[in-house]
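So you can see what is in the structure, the chains are spelled out below.
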Amino acid sequence: VLQYAGNLFSIFFVDPDDGAVSDFAAATRTDVGRYRAFFHSMLAHGVYLPPSAFEVWFLSAAHDDAAIDRIAAALPAAARAAADVKETG
């Protein structure tokens, strides 16, 4: 689930049928093992994300087209890495 407000966002690996992650109790349902795999795959592709599944990401004018392209190129492998993890709770 992608949660956002303005230029701030977070990705939570939760059952999408559970709806939005709108409070801490909902955020604790995230599968941190999947986030860990996603994070390390992005890092291996030169994309530096917050190391915790509970931290917010920031998008700013410093993220030029080259940065966005690098992120977009890294996402498929990171999504596969997250999908390949057995649910960790």
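Read on for a plain summary of the structure. (Residues numbered from 1 in each chain as written. Predicted model: local features only at pLDDT ≥ 70, side-chain atom pairs only at ≥ 80, totals over all residues. Heavy atoms only, no water.)

Here's the deal with the layout of surface pockets
Each pocket or cavity is described by its volume, and for the largest pocket that value is around 380 Å³. In terms of lining, the largest pocket is formed by 17 residues, of which the most central are F9, V47, L49, W57 and I71. When residues of the lining of the largest pocket are traced back to their parent elements, those giving at least two are β2 (8-11), β3 (57-58) and α3 (65-83). For the lining of the largest pocket, the leading source of residues is α3, giving five residues. A per-class count over the lining of the largest pocket returns 14 nonpolar, two polar and one charged. (1 Å grid on protein atoms, 1.4 Å probe; cavity = no way out; pocket = protein on both sides within 12 Å on 5 of 7 lines; lining within 4 Å. Points joined across faces, edges and corners; volume = space filled by probe spheres on them. Helix = DSSP H or I, 4+ residues; strand = E, 2+ residues; numbered from the N terminus. Nonpolar A, V, L, I, M, F, W, Y, C, P; charged D, E, K, R; others polar.)

Structural notes on the nonpolar core
Ranked by internal contacts, the top residues of the largest apolar core, which has 13 residues, are F13, Y35, F38, M42, L49 and W57. For this core, the secondary-structure elements that each account for two or more residues are α2 (32-44) and α3. With four residues, the single largest contributor to this core is α2. Residues in contact with L49, not counting those within four places in the same chain, are Y35, F38, F39, M42 and W57. (Core = buried A, V, L, I, M, F, W, Y, C linked by side-chain atoms within 4.5 Å. Buried < 20%, exposed > 50% of the residue type's maximum accessible area, 1.4 Å probe, protein only. Contact = heavy atoms within 4.5 Å.)

Some points on the side chain of S41
Summarising the element assignment, S41 is placed in helix α2. What makes S41 buried here is its relative accessible area of 11%. In this structure, S41 is in contact with A77, A78 and A81, ignoring residues within four places of it in sequence.

A look at the sheet that holds β2
With antiparallel pairing, three strands are arranged side by side in an open sheet as β1-β2-β3. The outermost strands of the open sheet, each flanked by one partner alone, are β1 (2-5) and β3. (Pairing = 2+ DSSP bridges.)

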